[in-house]
Structure formats: structure tokens, C-alpha cells
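These are the residues of each chain, in order.
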Amino acid sequence: TMKKINKIITILAFLLISLPAFSQWRLGINVSYDNTGATWTYDDKIQGVNNISGFSIGPTVAYEAVEEYFDIQTGINFAMNGFAMQDNSIFGQNHFMSYEETIRLYYLQMPIYAVGKLPVREATLLLEVGPILSAGVGSKSEVSYKVGELEYSEESNENLFKESLHPFNCLIHFGIGVEYMGAKLTAGYNLGVFNVMRENADRSNLKTNGFFVSIGYVFD
């Protein structure tokens, strides 16, 4: 349930605060720009979905499992991702109508990455892979219509996680980057592996995904 997921993430947050006290752990911070979207099928037919801009931000801790060559990294992020849907049609005598709905989903996330490291002079090349476990905490949708020259839009703060979407989500993170004097730059892809659609789940399959570019800093 949603309450259990939030309790687990809260406990992990307290653990993350205490772990850097041990010499093998390094504390850091990470900010990411995400170009997020989704793969959506309904009755096995692909639905049109467009990407939107998102982000994530939060503290990280990395455990040095193998000195200089392998880390296990985790953290707690606040993230916004989502997708947009569009539809166009012609009705009557040359009357054009367009419809667009943009859905933004807000999550608390716990990434768990295996990080391979290759020292190259003063820099370190990074290869990251692992799951991102997410708990939905809110949502926002914006709908806009255009009929001829007339335009109309409305926003809704109704929490889609209550009925339409599962609050739990899981992404598989693939990233490649470089670290230099504590500063990190990483880019890659987050692949959705869990169907977040709660309504008509037997007919509808919706998995979020997207490209990312992140910057961060790791304290020694």
C-alpha cells in the first residue's frame, strides 16, 4: 500500500543520513533533467504519447565496495515526470479541432545503482545500472482544446494515484558518465518495467520512461 511504501522510504532516508559516518560511504547531491514520456498500448494498439520536461533532485550516498573500481549507490529523490497526449480531428465543413493533455506525476524515488568505475588520470569514467523504486505523492494534469480560432484550457490537481494510476513504479536506470574532483556528469536512459495503469489494466499497459542528463557532487 501507499502508506507502507512511504514508511519504507522514510526509514531509508534516516539510514542515508547516518551512513556517511562510516569511512567507506561518500555523501553527495544530484540534480537531473529528464526528458520523460511513456509507452502506452490499449488492446495491443500503440497510443500516441509525447515527451515532456521533468526533473529529479536529492541526496546520494555511495558505498565503495571495491576500492576505486566499484560502488553501490543509493539515495532519496524528489522527482517530476510524465507525458503528453494529443489528438487532432476535422468535423463539419473544414472545422479543425485539436486536443492535448499533459500529465505530470510527482514521486519520491529510491535509486539503487551498481556503479563501475574506471580511473583515467585524474578523472573516473562511470557506468551505472540498477532499479529506481518510486512512490507517487501527487499529480497534475492540464488539458487544452483548440477549435478553429478559439482556445480553451483547464488544470486539475486531482491525485491520479488514488484511482487511475498505481502509486508504485519501477524504472531500470542505465547511465554513463565521468567524475572529476568530486563533480559528476551523467547521461542515459530510464526504462519503465511496471504497468502503472490501474483502470482497465487488463487492456491498457502504460510504462513511463525517458532520457536524462544529471550533474552532481560527491563529498570526500
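The structure displayed is predicted, hence computed values, not measured ones.

Caption draft 1: Summary view of the pairing of strand E10 (residues 183–192). Of the two faces of E10, the one lined by Lys184, Thr186, Gly188, Asn190 and Gly192 is fully buried and the one lined by Ala183, Leu185, Ala187, Tyr189 and Leu191 carries no buried residue. As judged from the ten bridges shared by strand E9 (residues 168–180) and E10, these two strands associate in the antiparallel manner. Paired with histidine 173 across the bridge in E10 is asparagine 190. Linking two consecutive strands that pair antiparallel, namely E9 and E10, is a turn of two residues; a positive phi of about 55 degrees is found at methionine 181 within it. Relative to strand E11 (residues 204–218), E10 runs antiparallel, the two sharing eight bridges. Counterpart to alanine 183 in the pairing with E11 is tyrosine 217.

Caption draft 2: Just the pattern of salt bridges, in detail. Enumeration according to the criterion identifies seven salt bridges in this entry. One salt bridge in this structure joins lysine 117 and glutamate 64, with 3.8 Å as the shortest N-O distance. Of this pair, lysine 117 sits in strand E6 (residues 95–120) while glutamate 64 sits in strand E3 (residues 52–66), and the two are 53 residues apart along the sequence. Lysine 117 sits in the buried class, given a relative accessible area of 10%. Salt bridges here are not isolated pairs; linked through shared partners, they connect Arg26, Glu64, Asp71, Lys117 and Glu179.

Caption draft 3: Structural detail: empty space enclosed by the protein. Applying the stated criterion to the full structure yields three cavities of 30 Å³ or more. Lining the largest cavity are 27 residues, with Ser32, Ser56, Tyr113, Ile132 and Asn190 positioned closest to its centre. Taken together, the elements giving at least two residues each to the lining of the largest cavity come down to strand E1 (25–42), E3, strand E5 (77–91), E6, strand E7 (123–147), E9, E10 and E11. Looking at the lining of the largest cavity element by element, the count peaks at six residues for E11. When the residues that make up the lining of the largest cavity are grouped by side-chain class, the tally is seven nonpolar, 17 polar and three charged. Taken as a whole, the second largest cavity holds about 70 Å³ of empty space. Lining the second largest cavity are Arg26, Ile29, Asn30, Thr60, Val61, Ala62, Gln73, Lys184, Gly216, Tyr217 and Val218.

Caption draft 4: A look at the environment of aspartate 71. As for its position among the elements, aspartate 71 is in strand E4 (residues 70–75). Sequence separation between aspartate 71 and lysine 117 is 46 residues, and the spatial gap between their C-alpha atoms is 7.7 Å. Leave out the neighbours within four places in its chain, and aspartate 71 touches Arg26, Ala62, Tyr63, Glu64, Ala65, Tyr113, Ala114, Val115 and Lys117. Within the local environment of aspartate 71, its side chain forms a polar contact with the side chain of lysine 117, the two groups lying 3.2 Å apart.

Caption draft 5: Focus on the packing of aromatic side chains. Within the structure shown, the criterion is met by seven aromatic pairs. Taken together, a centroid distance of 6.2 Å and an interplanar angle of 15 degrees make the contact between phenylalanine 78 and tyrosine 106 stacked. Placement of the pair is phenylalanine 78 in strand E5 and tyrosine 106 in strand E6, with a sequence separation of 28 residues. Exposure remark for phenylalanine 78: the relative accessible area of 33% places this residue in the partly exposed category. When the centroid spacing of 5.1 Å and the interplanar angle of 70 degrees are considered together, the rings of tyrosine 217 and phenylalanine 219 count as edge-to-face. Each member of the aromatic cluster is reached from another via a ring pair, and the members are Phe55, Phe78 and Tyr106.

Parameters and conventions
Residues numbered from 1 in each chain as written. Predicted model: local features only at pLDDT ≥ 70, side-chain atom pairs only at ≥ 80, totals over all residues. Heavy atoms only, no water. Buried < 20%, exposed > 50% of the residue type's maximum accessible area, 1.4 Å probe, protein only. Helix = DSSP H or I, 4+ residues; strand = E, 2+ residues; numbered from the N terminus. Pairing = 2+ DSSP bridges. Salt bridge = Lys/Arg side-chain N within 4 Å of Asp/Glu carboxyl O. 1 Å grid on protein atoms, 1.4 Å probe; cavity = no way out; pocket = protein on both sides within 12 Å on 5 of 7 lines; lining within 4 Å. Points joined across faces, edges and corners; volume = space filled by probe spheres on them. Nonpolar A, V, L, I, M, F, W, Y, C, P; charged D, E, K, R; others polar. Contact = heavy atoms within 4.5 Å. Polar contact = N/O pair within 3.5 Å; in protein donor to acceptor, adjacent residues only side chain to side chain. Phe/Tyr/Trp six-rings, centres within 6.5 Å; stacked < 30°, edge-to-face > 60°.

Keep in mind these values describe shape, not function.
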